[in-house]
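# Observations on the three-dimensional arrangement
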Amino acid sequence: MQLKKLALLCAAVVGFSAPAWADVNVGVTVSATGPAASLGIPERNTIALMPREIAGHKINYIVLDDASDTTAAVTNTRKLISENKVDIVLGSTTTPNSLAMIDAVSESKTPMISMAASAAIVEPVDAKKRWVFKTPQNDIMMALAIAEHMAAAGVKTAAYIGFADAYGEGWHREFSKALELKKIKLVANERFARTDTSVTGQVLKIMGAKPDAVLVGGSGTPAALPQKTLKERGYAGKYYQTHGVANADFLRVGGKDLEGTFLPAGPVLVAAQLPVANPVRKSALEYIQVYEGAHGKGSVSTFGGHAWDAGLLLKAAVPVALKNATPGTPEFRAALRDALEGAKDVAGAHGIFNMSATDHLGLDQRARVMVKIENGGWKYQDTK
Amino acid sequence: MDLQIALMLVQDGIVNGAIYALMALALVLVFSVTRVIFIPQGEFVAYAALAMAALQTGKLPPLLWMLLGMAALCLAVEAARQARGAEVDWKSTLFWAVALPALAALMLLVVKPQAMWLQVLAVLLLVTPMGPLVYRLAYRPLAHATVLILLIVSVALHLAMVGLGLFFFGAEGSRTDAFSEARWDVGGLTITGQSLVILGVTALLVVAMYFFFERTIVGKALRATAINRVGARLMGIPTALSGDLSFALAALIGAVSGLLIAPVTTVYYDTGFLIGLKGFVAAIVGGLSSYPLALAGALLVGQLESFSSFWASAFKEVIVFTLIIPVLWWRSLNTHHVEDEE
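Residues numbered from 1 in each chain as written. Chains lettered and ligands numbered in written order. Predicted model: local features only at pLDDT ≥ 70, side-chain atom pairs only at ≥ 80, totals over all residues. Heavy atoms only, no water.

### Regarding the overall build of chain B
Looking only at helices and strands, one finds 15 helices and two strands in chain B. Against the 2.2 N^0.38 benchmark of 20 Å for 342 residues, chain B shows a C-alpha radius of gyration of 20 Å, consistent with a compact globule. In chain B, buried positions account for 53% of the 342 residues. Considering only contacts within chain B whose residues lie at least 6 apart along the sequence, 75% involve residues at least 24 apart. (Helix = DSSP H or I, 4+ residues; strand = E, 2+ residues; numbered from the N terminus. Rg over C-alpha atoms; globule rule 2.2 N^0.38 Å. Buried < 20%, exposed > 50% of the residue type's maximum accessible area, 1.4 Å probe, protein only. Contact = heavy atoms within 4.5 Å.)

### Looking at the overall build of chain A
When helices and strands are tallied, chain A shows twelve helices and 15 strands. Out of the 384 residues belonging to chain A, those deemed buried represent 57%. By sequence separation, contacts in chain A at least 24 residues apart represent 66% of the contacts at least 6 residues apart. Of the roughly 15200 Å² that chain A leaves accessible, carbon and sulfur atoms contribute 58%. Charged side chains in chain A number 42 positive and 36 negative. The centres of these two groups are separated by 1 Å. (Areas by Shrake-Rupley, 256 points an atom, 1.4 Å probe, with all protein chains shown as cover. Lys, Arg positive; Asp, Glu negative; His and termini not counted. Charge placed at Lys NZ, Arg CZ, Asp CG, Glu CD.)

### Brief notes about the pairing of strand 1 (residues 183–186) of chain B
All names here are of chain B. Sheet topology places strand 1 next to strand 2 (residues 189–192); four bridges connect them, and they run antiparallel. Among the inter-strand pairings, Arg 183 is bridged to a residue of strand 2, identified as Thr 192. Between the antiparallel neighbours strand 1 and strand 2 lie two residues, among them Gly 187 with a positive phi of about 55°. (Pairing = 2+ DSSP bridges.)

### Digging into the nonpolar core
Of all hydrophobic cores here, the largest spans 97 residues; its most connected members are B:Phe38, B:Leu63, B:Val123, B:Leu126, B:Met130 and B:Tyr139. Broken down by element, the residue count for this core peaks at 15 residues, all from helix 1 (residues 3–34) of chain B. Contact partners of B:Tyr139, with chain neighbours within four places excluded, come to B:Val36, B:Phe38, B:Pro40, B:Val134, B:Leu150, B:Val153, B:Ser154, B:Leu157 and B:Phe247. Ranked by size, the runner-up nonpolar core spans 47 residues in total, among them A:Phe133, A:Leu312, A:Ala317 and A:Ala349. (Core = buried A, V, L, I, M, F, W, Y, C linked by side-chain atoms within 4.5 Å.)

### Quick look at the interface of chain B and chain A
Tallying the contact residues gives 29 residues for chain B and 30 residues for chain A. Roughly 2400 Å² is buried in total at the junction of chain B and chain A, and carbon and sulfur atoms are behind 51% of that figure. Along the contact surface separating chain B from chain A lie one salt bridge. Between A:Asp196 and B:Lys316 there is a salt bridge, and its shortest N-O distance comes to 2.5 Å. The tally of links between chain B and chain A comes to 15 residue pairs in polar contact (both at pLDDT 80 or more). Taken together, the elements giving at least two residues each to the side of chain B that touches chain A come down to helix 1, helix 12 (271–285), helix 13 (291–311) and helix 14 (316–322) of chain B. Per-element tally for the side of chain B that touches chain A: the top contributor is helix 1 of chain B, with six residues. Taken together, the residues of the side of chain B that touches chain A sort by class into 14 nonpolar, nine polar and six charged. (Buried area = accessible area lost by both parts, 1.4 Å probe. Salt bridge = Lys/Arg side-chain N within 4 Å of Asp/Glu carboxyl O. Polar contact = N/O pair within 3.5 Å; in protein donor to acceptor, adjacent residues only side chain to side chain. Nonpolar A, V, L, I, M, F, W, Y, C, P; charged D, E, K, R; others polar.)

### Re the confidence of the model for chain A
All names here are of chain A. Residues at a pLDDT of 70 or more form 94% of chain A, whose mean pLDDT is 90. When pLDDT is averaged over each element of chain A, strand 5 (residues 112–114) comes out on top at 96 and helix 1 (residues 2–17) at the bottom at 52. Within the model, the stretch residues 13–20 combines pLDDT values under 50 with one contact to residues more than four positions away or in other chains. (pLDDT = per-residue confidence, 0-100.)

### Brief notes about the sheet that holds strand 1 (residues 24–30) of chain A
In sheet architecture, strand pairing relies on hydrogen bonds along the backbone and comes in two forms, parallel and antiparallel. All names here are of chain A. With respect to topology, six strands assemble into an open sheet ordered 2-3-1-4-5-6, the strand pairing being mixed. A single partner strand is all that each edge strand has here, and the edge strands are strand 2 (53–54) and strand 6 (132–134). Strand direction decides the pairing type here: strand 1 and strand 3 (residues 57–65), joined by seven bridges, are parallel. From the neighbouring strand, Gly 27 faces strand 3, where its bridge partner is Ile 62. Set on the sheet, helix 12 (residues 330–341) makes contact with strand 1, strand 4 (88–91), strand 5 and strand 6; between it and strand 6 the angle comes to about 40°. (Axes fitted to C-alpha atoms, helices over the stretch in contact; angles between N-to-C directions.)

### Structural notes on the side chain of A:Thr135
Residue and element names in this part refer to chain A. Following the sequence through the fold, Thr 135 ends up in the loop between strand 6 and helix 5 (139–152). Taking relative accessible area as the criterion, Thr 135 reaches 0% and is therefore assigned buried. Residues in contact with Thr 135, not counting those within four places in the same chain, are Ile 113, Ser 114, Met 115, His 306, Asp 309, Ala 310, Leu 313, Phe 353, Leu 361 and Leu 363.

### Focus on the packing of helix 7 (residues 200–209) of chain A against helix 8 (residues 224–232) of chain A
Residue and element names in this part refer to chain A. Where helix 7 meets helix 8, the axes come as close as 10 Å, and the angle between the chain directions of the two elements is 55°. By the angle between their axes, helix 7 is oblique relative to helix 8. Handedness of the helix 7/helix 8 crossing: right-handed. On helix 8, the residues touching Thr 200, Val 203, Ile 206 and Met 207 of helix 7 are Pro 226, Thr 229 and Leu 230. Within the contact of helix 7 with helix 8, the residues separate by chemical class into five nonpolar, two polar and no charged. (Parallel < 35°, antiparallel > 145°, perpendicular 65-115°, else oblique. Left-handed = near helix turned anticlockwise from the far one by under 90°.)

### Examining the confidence of the model for chain B
With 98% of its residues at a pLDDT of at least 70, chain B reaches an overall mean of 90. In the predicted assembly, ipTM is 0.83 and pTM is 0.81.

### Re the pattern of salt bridges
All names here are of chain B. Evaluation of the coordinates by the stated rule reveals 24 salt bridges over all chains. The partner of Arg 223 in a salt bridge is Glu 214, and the shortest N-O contact between them spans 3.9 Å. For Arg 223, a relative accessible area of 34% corresponds to the partly exposed category. Residue Lys 278 is joined to Glu 305 by a salt bridge in which the shortest nitrogen-to-oxygen separation is 2.7 Å. Of this pair, Lys 278 sits in helix 12 while Glu 305 sits in helix 13, and the two are 27 residues apart along the sequence. For the residue pair Lys 278 and Glu 305, the accessibility class agrees, reading buried in each case.

### Section: the side chain of A:Thr229
Along the chain, A:Thr229 turns up in helix 8. In this view, A:Thr229 contacts A:Val199, A:Thr200 and A:Val203; residues no more than four positions away in its chain are not counted.

### Thoughts on helix 7 (residues 147–169) of chain B
Residues and elements named next belong to chain B. Over its 23 residues, helix 7 runs 32 Å from end to end, which matches the ideal 33 Å to within 8%, given 1.5 Å per residue. Every buried residue belonging to helix 7 is among Leu 150, Val 153, Ser 154, Leu 157, His 158, Met 161, Val 162, Gly 165, Leu 166, Phe 168 and Phe 169, and all of these are buried. One or two positions beyond helix 7, positive phi appears at Gly 170, with a value near 80°. (Expected span 1.5 Å × (residues − 1).)

### Examining the environment of A:Ala334
If you trace the backbone, A:Ala334 turns up in helix 12. Sequence separation of A:Ala334 and A:Ala120 is 214 residues, and the distance between their C-alpha atoms is 22 Å.

### With respect to the UniProt feature "domain: Leucine-binding protein" (unreviewed entry) in chain A
Residues given the UniProt feature "domain: Leucine-binding protein" (unreviewed entry) here are residues 24–370 of chain A. Between the C-alpha atoms that bound residues 24–370 of chain A the distance is 38 Å, and the span itself is 41% helix and 18% strand. (UniProt positions renumbered as here; feature names shortened; annotations may be inferred.)

Here is the structure:
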């Protein structure tokens with residue numbers, strides 16, 4: 001009797017909770033700790049600000065930390081797919097992690113939106129990468145912006161010093177390509193580690209090559225060290241940085257040595273300075289308002305913007321997918337993928353997304369601006 | 001490469017080598033007295049540098065809560081040991097777990113140091129007691145375990161301390177103000193006041209340690225413990241106390257290194273690990289037992305790093321850490337392995 005009651009109760013609970021199955025489950029893996037934590041933390045904070053309901057369906061976010069570790073990112077992804085039965089995976093923060101996750105999501109036919117930069121994550125769109133999308137601008141777009149700016153400023157020779165890892169290598173490759181297009185010669189190519197306490201050797205070598213401009217291929221505060229050392233040794237040429245440095249901590253650590261540095265960035269960095277006609281201005285300001293509302297003035301960084309854009313794509317795709325299938329089913333995941341691929345004119349914090357079957361990034365030139373560091377702040381440069 | 005560049009690289013290598021030398025000395029000291037390969041040594045460097053940076057921006061280093069937590073935990077452990085009938089040396093316990101942390105709290109919460117030397121003092125008071133507290137909480141219960149077990153504990157402790165560092169200080173690094181803004185031009189070489197401070201303090205610490213071990217009774221007792229633990233105990237040397245003391249010295253040396261490098265480079269919550277690791281390579285050159293050889297090893301690591309960053313910057317780390325292979329090979333040929341049983 002007792003057992004029967006229990007069984008009935010269970011059946012009732014299952015029966016009542018049935019509508020809850022129609023919730024959309026979103027699995028998230030970000031690098032909230034480890035070397036990429038300065039990118040992962042604003043991303044995690046942004047996830048918490050995303051819509052809890054889309055088209056009448058509850059959205060559940062299951063957020064896991066992969067500690068900037070590739071293995072952990074894959075484990076997280078498999079766990080999210082098999083245990084939490086997620087409809088889509090967002091993440092991860094870094095390129096190596098995102099590349100490693102592709103196998104896991106394509107096997108289970110789950111769409112994924114990466115917040116890492118490398119073009120290799122979504123290009124070329126093959127059987128596996130059919131399921132993969134990403135929000136950050138490709139490095140070549142940013143590298144071209146730098147090369148164009150250099151050419152316009154009359155730079156003939158440039159030097160490069162970047163991280164001794166995939167970030168630095170990737171930037172060296174893209175930057176070389178961009179320089180070639182603009183007929184600028186690369187005269188020095190050096191590496192340093194994020195944890196290095198001195199880059200004197202590399203800087204001496206660069207100064208020996210006498211370049212007109214130097215690009216530092218680093219992300220976050222470690223990118224300040226080569227520039228400080230160059231200044232200390234009296235290098236008088238032009239300084240360039242990548243968009244990987246666009247946060248307030250970089251300005252704090254670099255201090256006055258950063259004055260006059262140029263970098264390409266997502267428009268969100270200088271949203272308030274953008275001309276009113278700029279199509280990204282409104283959507284970028286919207287993100288800043290939401291984020292700073294929750295975390296205080298000046299807390300926003302461009303990295304969180306990539307997570308925000310992933311959320312906007314999701315918001316655009318879910319209603320479309322819901323027309324064809326119910327959440328929690330393979331059909332829904334497939335429908336969600338198709339809907340993401342069909343996303344048009346989604347205005348995000350970093351640009352306007354127009355996805356297609358061959359372009360799983362969907363950003364164009366509107367997704368980048370040149371910025372100059374002036375008086376310890378970011379100053380929008382009108383390059384037209 | 002001309003002579004000028006070579007001289008600049010040598011200079012850079014010496015300044016970096018000085019920091020590795022301090023790390024190596026602390027590692028040799030801790031290993032010879034307690035047989036612990038103290039991997040978290042570098043964490044004291046990062047803690048001290050980041051605490052100093054926090055003080056300079058007018059914030060209270062959250063590290064204080066960690067210190068007070070450790071002290072409270074340590075007192076609880078000692079009380080529990082007494083309840084179980086073990087003999088507890090309350091005099092030293094009160095010194096490490098009450099007096100010093102209280103002094104640190106007083107400095108940070110009441111005095112709120114503004115002058116630089118007071119801030120330095122506050123940071124040293126904050127970090128130094130962490131050494132003996134870590135020893136009491138993590139290593140002393142295992143004092144008779146094998147070197148391997150102690151190493152495993154070290155790795156675990158390192159991971160925990162790096163995680164706490166991230167929690168307390170955040171992912172982005174900091175820089176502190178230089179102790180000296182002076183700079184001189186000597187025949188085309190730029191010599192900064194800060195690099196002279198680094199060299200001067202390192203030399204001072206090395207000389208002080210030499211006198212401590214050669215001339216004072218406490219230092220001699222530490223050396224005796226290092227040579228033969230059982231023998232030292234039979235001579236009436238409290239070996240648990242020498243553990244406290246060697247860890248306190250290691251933490252102090254780590255804190256000093258942290259204060260020294262924070263103005264010349266950006267320090268992150270995990271910077272300490274690589275600095276400690278390079279100090280470890282230097283200590284291995286000295287067989288984890290010889291102070292002069294460890295010093296020489298540190299200078300070698302510094303030069304190797306400086307020159308390889310000029311010639312092959314992409315392979316710098318590889319070159320520095322590969323140094324350990326010929327050194328180990330040479331040592332394995334030249335030393336007779338003696339299994340020392342206690």
